[in-house]
Amino acid sequence: RRCRWPQDWDSASISDHFLSLNPHPDNVPSNVDERAFVTFSHFMPRADLLPHPAVMHSGYLLPILGSWALDRQLRSYNRHTSGHHHHVYGHSHVNVDRTINGVRYVNNARGYPTEYRYNERHLHQIMLPA
């Protein structure tokens, strides 16, 4: 609500704009190391990464937390991996280290001090296969 977008842009246009800034899967360099495929985003790629208590606490935030379009896009890179795709994201204040259908999603949230009751405070390490 604090951003000024072109008059004719709706939420789908804004989403499409940001998705277009990511490289197309055909433009991934051919010499990419298939063992170490890591993608990054600020925004959460899918709403079901929130654990149940956080959803109950933050239900009003769900429309801005997950983007299935972003998840579809990052999964389109899977053909460049040998089953070791890691996606690191931010935005939410809930720690996540979860694998869904071959993609490991990691959010090392720091959150606000008042959120310590449901957020562990430790670093997540991504170990890539040898």
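Residues numbered from 1 in each chain as written. Predicted model: local features only at pLDDT ≥ 70, side-chain atom pairs only at ≥ 80, totals over all residues. Heavy atoms only, no water.

Focus on the nonpolar core
Here is step 1 of the chain: Core analysis: the biggest nonpolar cluster contains 13 residues, and M44, L49, Y77, Y89 and Y105 have the highest contact counts within it.
Here is step 2 of the chain: Counting residues per element, the ones that place at least two in this core are β3 (96–100) and β4 (103–107).
Here is step 3 of the chain: Among all residues touching Y89, those that are not within four sequence positions of it are S41, H42, F43, M44, P45, L49, V96, Y105, V106 and N107. (Core = buried A, V, L, I, M, F, W, Y, C linked by side-chain atoms within 4.5 Å. Buried < 20%, exposed > 50% of the residue type's maximum accessible area, 1.4 Å probe, protein only. Helix = DSSP H or I, 4+ residues; strand = E, 2+ residues; numbered from the N terminus. Contact = heavy atoms within 4.5 Å.)

What about unusual backbone geometry?
Here is step 1 of the chain: Look at N101: it is not a glycine, yet its phi comes out positive at around 50°.
Here is step 2 of the chain: On the secondary structure map, N101 appears in the loop between β3 and β4.
Here is step 3 of the chain: By relative accessible area, N101 is classed as exposed at 66%.

Observations concerning the sheet that holds strand β1 (residues 37–41)
Here is step 1 of the chain: Spatial ordering of the open sheet is given by β1-β2-β4-β3, a layout of four strands whose pairing is mixed. Looking along the sheet, the strands with just one partner apiece sit at the ends: β1 and β3. The average undirected angle you get between the axes of adjacent strands in this sheet is 20°.
Here is step 2 of the chain: Summarising the sheet, β1 and strand β2 (residues 85–89) pair through five bridges and their orientation is parallel. Within β2, the position partnered with V38 by the bridge is H86. (Pairing = 2+ DSSP bridges. Axes fitted to C-alpha atoms, helices over the stretch in contact; angles between N-to-C directions.)

Here's the deal with the packing of aromatic side chains
Here is step 1 of the chain: Following the criterion strictly, the structure yields three aromatic pairs and no others.
Here is step 2 of the chain: Judged by centre distance (5.8 Å) and plane angle (90°), the ring pair of W5 and F18 falls under edge-to-face. Separated by 13 residues along the polypeptide, W5 in the segment before α1 (11–20) and F18 in helix α1 bring together distant segments of the chain.
Here is step 3 of the chain: On the basis of relative accessible area, W5 is assigned to the partly exposed category, the value being 34%.
Here is step 4 of the chain: Ring geometry for F37 versus Y77: centroids 6.1 Å apart, planes at 40°, classification tilted. (Phe/Tyr/Trp six-rings, centres within 6.5 Å; stacked < 30°, edge-to-face > 60°.)

Observations concerning the side chain of Q73
Here is step 1 of the chain: Tracing the sequence through the fold places Q73 in helix α4 (residues 68–75).
Here is step 2 of the chain: Ignoring anything within four residues of it in the chain, the contact list for Q73 reads L19 and N22.

A closer look at the environment of T81
Here is step 1 of the chain: Along the chain, T81 falls in the loop between α4 and β2.
Here is step 2 of the chain: Sequence separation of T81 and F37 is 44 residues, and the distance between their C-alpha atoms is 6.1 Å.

That's the geometry; what it means functionally is another story.
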